[in-house]
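Per-entry structural report
Chain by chain, the residues run as shown.
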Amino acid sequence: MNRFESLACLNCGRRYPTDTHTRCTKCNGILEAQYRLDGRFPTDVRGRSMWDFADFLPPIQEKSIVSRAASLGLSLARGLKRKGVFTASDGNAAAAISAYSARARMKCLVLIADDTPTQKLAQIMMYSPILLRVRGIYRSLSSLEAALAQTQEILPDWLNHFIWAPFNPLLVDAFKTIAYEIALSQKVPDCIFIPVAGGDLLSGLYKGFQELQKMGQLQRPPRLVAVQGEGADPTVQAIEKGLDKVKETAPARTIAGALRVNFGAEHSITAVRKSGGFGISVSDEQIVKAQREIARDEGIFCEISSAAALAAISKALDLGKIARDETTAAILTGTGLKDYPVTGDDISRIPISKDVSSLSTTLEGMLAAERIGVAV
Ligand SMILES: [Zn+2]
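Residues numbered from 1 in each chain as written. Predicted model: local features only at pLDDT ≥ 70, side-chain atom pairs only at ≥ 80, totals over all residues. Heavy atoms only, no water.

Right, let's talk about the side chain of E303 for a bit. Topologically, E303 is positioned in the loop between α9 (284-298) and α10 (304-318). Despite being buried, E303 has no salt bridge partner; K120 is the closest side chain of opposite charge, sitting 7.0 Å away. In this structure, E303 is in contact with N92, A258, Q291, T333, G334, T335, G336, K338 and D339, ignoring residues within four places of it in sequence. (Helix = DSSP H or I, 4+ residues; strand = E, 2+ residues; numbered from the N terminus. Buried < 20%, exposed > 50% of the residue type's maximum accessible area, 1.4 Å probe, protein only. Lys, Arg positive; Asp, Glu negative; His and termini not counted. Salt bridge = Lys/Arg side-chain N within 4 Å of Asp/Glu carboxyl O. Contact = heavy atoms within 4.5 Å.)

So, in structure tokens, the structure goes:
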């Protein structure tokens, strides 16, 4: 049976209709879906899909499409009988929402920046959403808010599918199922490093672990670490300065495209603090190095923004913020092909055999020079 109770303000507890897309109108707090956490937690599911945990998600009729926040939003849109969805993004969220809209046969409007790189655009355009370029949309949080508000006014029957708790509190629950899956599949690590843009993934994980604790499935949530790029770290700065709100900073600069934000929200600060975690920023060089290391050592080509979490583990170890005997995990949020920076890899640095007949001589020379790491 579905455990959903209500949508309520995290701060003052005032309740709201489930299709609310704002902060609390009384105290400006972020809203959160609340669930009855008595009774059994389904430990026999193996977490193949977040719909295994449908009882712990907002009640929806439509479960035919799968995956996290994008999918949950589309399911809500269908459940609420909306005519379409709209969002503002020029990255992964736009591609995911466009894909799930196509699958749900729902119209989808994506507001993008006027200078969105072709490589990113191609991944979105594959699903043929309606696109509108809006100059200056990401200039500040207020310009983004204004763009979404105007769109909602023009399209009152469409669902605002911007994945961020201050605009869309229900979608955080898609991310909390990651915590469920971690808890069901392995011993929960002491510490989890999470790449942070808006902070929904981090606060969703915290919510999931907290609910597991309330249901007696977990002693305490792991320490959650907010990871951002140096030059795009408003949330980390707020955590380090002990602030309760995230202050908007200068335009963000980091190689990690999905983390290039200059604003944030307090739900991630709260989650980090309550879990006993911390915030950490990593440089472009550290991120690129980590991306190469996990590809070389584990065979995983992860998105550059995910690599930030790995870089942060190394940095936290160096700084003594985590101990070597602590179990640590990082959430890798996307594949490397999502956002591949063209680095200075020059094909001329790769040895060449000038024709096929000289291959063996060239290869022997390389082995002798230990240019490649195989035993002869
Ligand atoms: Zn409130």
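The discussion continues.
Attention shifts here to the domain arrangement of the protein. The domain boundaries assigned to the protein delineate domain 1 (4-169), domain 2 (187-338) and domain 3 (347-376). Domain 1 and domain 3 are separated by 52 Å when their C-alpha centres are compared. (Domains from an automatic or database assignment.)

Once that is clear, we can look at unusual backbone geometry. One non-glycine residue with positive phi stands out, namely N28, at about 70°. Mapped onto the secondary structure, N28 falls in the loop between β2 (15-16) and β3 (31-35). One non-glycine residue with positive phi stands out, namely R105, at about 55°. Relative to the elements of secondary structure, R105 occurs in the loop between α2 (92-104) and β5 (107-112). Classification of R105 as exposed rests on a relative accessible area of 77%.

Glancing now at the packing of aromatic side chains. Counted by the stated rule, this structure contains 10 aromatic pairs. Taken together, F41, F53, F56 and Y180 form an aromatic cluster joined through their ring pairs. Taking NZ or CZ as reference, K321 lies 4.9 Å from the ring centre of F278, over its face. (Phe/Tyr/Trp six-rings, centres within 6.5 Å; stacked < 30°, edge-to-face > 60°. Lys NZ or Arg CZ within 6 Å of the ring centre and 35° of its normal.)

Ligation of the zinc ion by protein atoms is provided by C9 (SG), C12 (SG), C24 (SG) and C27 (SG), these donors lying 2.3 Å from the ion. Classification of the site at the zinc ion rests on its four donor atoms, whose angles at the metal span 99 to 117°, yielding the label tetrahedral. As a motif over one chain, the donors of the zinc ion read C-x2-C-x11-C-x2-C. Of the two residues, C9 is situated in strand β1 (residues 4-9) and C24 in the loop between β2 and β3; the sequence distance between them amounts to 15 residues. In this structure, C9 and C24 share a single accessibility class: buried. (Donors = N, O, S within 2.8 Å, 3.2 Å for Na, K, Ca; no water. Tetrahedral: all angles 85-135°; square planar, octahedral: opposite > 155°, others 65-115°.)

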